[in-house]
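Report on the structure
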Amino acid sequence: MTLFERSEAIFEDENILHDDYQPESLEERDEELEQYTAYLQPVINGSQPRNIFLYGKTGVGKTAVTKYLLHHLEEDAKQYDDLTVTTVYLNCEDLTSSYRVAVELVNTLRDPSEQISRTGYPLNAVYEKLWAELDQIGGTVLIVLDEVDYIGDDDSILYQLPRARSNEKIEHARIGIIGISNDFKYREKLDPRVEDTLCERELHFPPYDANELQNILEKRAALAFKDEILEGDVVPLCAAFAAQDKGSARQGLDLLLEAGDLARRRNDPVVTEDHVREAKQLLEKQRIEESMKELTSHGHLTLLAVVTSTIADSSQAPFQKQQLYEQYHDLAVATNRDPLGGRAFHNHLAELSMLGILDRTKRNEGRGGGIYYEYEIDVPIDAALSTLENLHMSGELDLESLRQNAEDQDFL
DNA sequence: TATCCACTGGAATATGTGGTCG
DNA sequence: CGACCACATATTCCAGTGGATA
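Under an unreviewed UniProt entry, the name given to chain A is ORC1-type DNA replication protein, and the organism recorded is Halosolutus amylolyticus. Recorded in UniProt for chain A, the comment headed Sequence similarities (unreviewed entry) runs: "Belongs to the CDC6/cdc18 family." Among the UniProt annotations of chain A, the heading Function (unreviewed entry) holds the following wording: "Involved in regulation of DNA replication."

The following block contains the structure:
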């Protein structure tokens, strides 16, 4: 019996479809590129850089254009002896406070052997360390804060960084900030003083339309796949899916990659439309499983409460908070956990709804009824169940008989 | 039109964890 | 060790909410 067999060669180089791939040239972003270059011109002239704020939905090229330009900027700066340009890129998606951002900046600038921890220091102590690091680098330092909106209400770092030099915290470095956000409303939430400085220059990235997407995907696909591998409608279909959803190139590329991978696993000689459709479902499922894994154990129990209630009596769905709370309470006791109070439970339900795992409908029954939400599971029960089974609670709870029960009732 | 229900969701406060520093 | 720091999660408290109904 043959265990291993070489699969059909589908990809020329699949890395070209990955998130971190840097293309040689950028498609469909000429205007933005030109404007952006102009904004960065002061850096080459050796004067104080302007702060730049970029906004636009996910996957419209903000990060790609930034990395592309900064790379060139660093290279081109080398021809001038009196100019040193350093760029620092930081994604703030896990950094929910100015403190965290400051710590992370210090750590990216420092040698791996001298990292500092995420808590423990007073805020000012961290800033002091940061100024010291920046001063040591000197020259022009451009700091890219991707997804700045994740920093939240505490924007002191956005206030401190641009002013560090004029406040005489640092002497040798000129700091420029490039903030990237997919939420334009974020700007309005900023402290006015911060808004003034951070948004000195701003650049909007509109979503791609289906044609632009198709062009982008075609360019990449030509490099990533071997010739004659993609059936004619594959790229347009990926482009169409991505365009109707968010106009995100990222999404289209993910789709292409997954479809190709699917064909390879199946040992199919070409990539077809069906692969794309299947890839789309697979990616969506993965997204949801990802977010379910991230939850705390009480989050899982909350989800399980909804699942259990649904299986026990689906004719009752959707459910009201009190009913779910009782179910949750029993599950918590059964697993030797202190059940949370009602308010905290309510928050978990709200979070699950935000993630798209639960569906929430507001109801108002008026006098005698009042205002409340009704919750219903919004992912396949099978998916929820198997994710929960893979988590720590297996063994503590009899999920198997629950699954059996669900099967009997044709839920799966 | 005033009332009333069943929550909702904001805010202040507490608890617990993981850290620094002298 | 004890004082102090940041932060995620919970708890406690409570002022709304808003449409069907008396």
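**Considerations on the overall build of chain A**
When its secondary structure is counted, chain A shows 16 helices and eight strands. Each of the three principal axes of chain A carries a C-alpha extent, and together these read 75 × 60 × 50 Å. Within chain A, the fraction of its 412 residues that count as buried is 43%. Sequence-distant contacts, at least 24 apart, represent 70% of the contacts inside chain A between residues at least 6 apart. Here chain A displays about 21,700 Å² of accessible surface, and carbon together with sulfur accounts for 43% of that area. Distance between charge centroids for chain A: 5 Å, based on 41 positive and 79 negative side chains.

**Points about the pattern of salt bridges**
This structure, assessed with the given rule, holds 22 salt bridges. Residue Asp 19 is joined to Arg 250 by a salt bridge in which the shortest nitrogen-to-oxygen separation is 3.1 Å. Separated by 231 residues along the polypeptide, Asp 19 in the segment before α1 (30-45) and Arg 250 in helix α10 (residues 249-266) bring together distant segments of the chain. Salt bridges here are not isolated pairs; linked through shared partners, they connect Glu 14, Glu 258, Asp 261, Arg 264 and Arg 265.

**With respect to the packing of aromatic side chains**
Aromatic rings in a pair are described by how distant their centres are and how their planes are angled relative to each other. A full pass over the atoms with the stated rule returns seven aromatic pairs. Both rings, one in Phe 53 and one in Tyr 55, keep their centres 6.0 Å apart while their planes meet at 25 degrees; by these two values the pair is stacked. Take Phe 53: its relative accessible area is 0%, and that puts it in the buried class. Overall, Tyr 55 belongs to the buried group, its relative accessible area being 13%. Between Tyr 328 and Phe 345 the ring centres are 4.9 Å apart and the planes differ by 35 degrees, which places this aromatic pair in the tilted class. Linking Tyr 328 in helix α13 (residues 321-334) with Phe 345 in helix α14 (residues 342-354), this pair joins segments that are 17 residues apart in sequence.

**Brief notes about the sheet that holds strand β6 (residues 319-320)**
Strand order in the open sheet formed by three strands is β6-β8-β7, with antiparallel pairing between adjacent strands. Of all the strands in the sheet, the pair left with one neighbour each is β6 and β7 (358-364). Where β7 and strand β8 (residues 371-377) come together, seven bridges link them in antiparallel fashion. The residue of β8 that forms the bridge with Asn 364 is Ile 371. The strands touched by helix α12 (residues 297-312) are β6, β7 and β8; relative to β8, the strand with the most contacts, the crossing angle is about 80 degrees.

**Quick look at the protein's contact with DNA strand B**
The immediate surroundings of DNA strand B are formed by 18 residues, with Gln 320, Arg 343, His 346, Gly 369 and Tyr 373 found nearest. Put simply, 68% of the atoms of DNA strand B that lie within 4 Å of the protein are in sugar or phosphate. Between a base oxygen of DNA strand B and a side-chain N or O atom of Arg 343, the distance comes to 2.8 Å. Ile 371 is positioned with one of its backbone polar atoms (N or O) 3.3 Å from a base nitrogen of DNA strand B. Only α14 and β8 provide two or more residues apiece to the surface near DNA strand B.

**Quick notes on the sheet that holds strand β2 (residues 85-91)**
With parallel pairing, five strands are arranged side by side in an open sheet as β2-β3-β4-β1-β5. Looking at strand neighbours, the two that pair on one side only are β2 and β5 (201-204), the edges of this open sheet. On average, adjacent strands in this sheet sit at an angle of 15 degrees to one another, irrespective of strand direction. One ladder, built from four bridges, connects strand β1 (residues 52-55) with strand β4 (residues 173-181); its direction is parallel. Note on β4: the bridge partner recorded for Phe 53 is Gly 179.

**Overview of the nonpolar core**
Residues Tyr 36, Leu 40, Ile 178, Phe 225 and Leu 256 are the most contacted members of the largest nonpolar core, which totals 52 residues. Two domains share this core, each providing at least three of its residues, namely domain 1 (30-204) and domain 2 (209-291). When neighbours within four sequence positions are excluded, Ile 178 is seen to be in contact with Tyr 36, Leu 40, Ile 52, Leu 54, Leu 70, Ile 143, Val 144 and Leu 145. With 36 residues, the next largest nonpolar core counts Ile 116, Leu 130, Val 141 and Ile 143 among its residues.

**Looking at the protein's contact with DNA strand C**
What surrounds DNA strand C is a group of 22 residues, the closest being Thr 96, Ser 97, Gly 341, Gly 366 and Arg 367. Of everything in DNA strand C that lies within 4 Å of the protein, sugar and phosphate atoms constitute 71%. At a separation of 2.9 Å, a phosphate oxygen of DNA strand C approaches a polar side-chain atom of Thr 96. At 3.0 Å from a sugar or linking oxygen of DNA strand C is found a side-chain nitrogen or oxygen belonging to Asn 364. Where the surface near DNA strand C is concerned, the elements lending two or more residues are α3 (98-109) and α14. When residues of the surface near DNA strand C are assigned to their parent elements, the largest contribution, three residues, is made by α14. A class-by-class count of the residues in the surface near DNA strand C yields seven nonpolar, 11 polar and four charged.

**Side note on the confidence of the model for chain A**
Mean pLDDT over chain A works out to 90, with 98% of the residues at or above the 70 mark. Put simply, helix α6 (residues 185-189) is where chain A has its lowest mean pLDDT, 80, and α14 is where it has its highest, 97.

The rules behind each value
By convention here, each chain's residues receive numbers from 1 onward along its written sequence. Written order determines the labels here, with chains lettered from A and ligands numbered from 1. Residue-level local features of this predicted model are given only where pLDDT is at least 70; pairs of side-chain atoms are given and counted only at 80 or more, and the full residue set underlies all totals for whole chains, interfaces and linings. Just so you know, side-chain values use all the structure's heavy atoms and leave hydrogens and water out. UniProt positions are given in the numbering used here, feature names are shortened, and annotations may be inferred rather than shown by experiment. Numbering of helices and strands runs from the N terminus; a helix is a DSSP stretch of H or I covering at least four residues, while a strand is a stretch of E covering at least two. Only protein chains enter the calculation, and the probe is 1.4 Å; a residue is then buried if its accessible area is under 20% of its type maximum, exposed if over 50%, and partly exposed in between. Residue contacts are counted whenever heavy atoms from the two residues lie within 4.5 Å of one another. The Shrake-Rupley method, run with a 1.4 Å probe, gives the accessible areas here. Residue values count only the displayed protein chains as cover. Within this scheme the basic residues Lys and Arg register as positive and the acidic residues Asp and Glu register as negative, but His and the chain ends are omitted. To locate a charge, take NZ of a lysine, CZ of an arginine, CG of an aspartate or CD of a glutamate. The term salt bridge refers to a side-chain nitrogen of Lys or Arg lying within 4 Å of a carboxyl oxygen of Asp or Glu. Paired rings are identified among Phe, Tyr and Trp, the last through its six-membered ring, by centres lying within 6.5 Å, and are further divided according to the angle between planes into stacked (under 30 degrees), edge-to-face (over 60) and tilted (the rest). Two strands pair under a simple rule: DSSP has to find at least two bridges between them. Only the stretch in contact is used when a helix axis is fitted, and all axes are lines through C-alpha atoms; the angle between N-to-C directions ranges over 0 to 180 degrees. Proximity is defined per residue: any heavy atom of the residue falling within 4 Å of a molecule or strand makes that residue near it. Identification of polar contacts relies on pairs of N or O atoms within 3.5 Å, with a donor-acceptor requirement for protein atoms, meaning one able to donate a hydrogen and the other able to accept it, and with residues adjacent in sequence counted only if both atoms are side-chain atoms. Each nonpolar core is a collection of buried residues, namely Ala, Val, Leu, Ile, Met, Phe, Trp, Tyr and Cys, held together in the definition by side-chain atoms within 4.5 Å. In this document the domain limits rely on a domain assignment from an automatic tool or a database. Three residue categories are used. Nonpolar comprises Ala, Val, Leu, Ile, Met, Phe, Trp, Tyr, Cys and Pro, charged comprises Asp, Glu, Lys and Arg, and polar comprises the others, including Gly. The predictor attaches a confidence to each residue, and that confidence, scored 0 to 100, is pLDDT.

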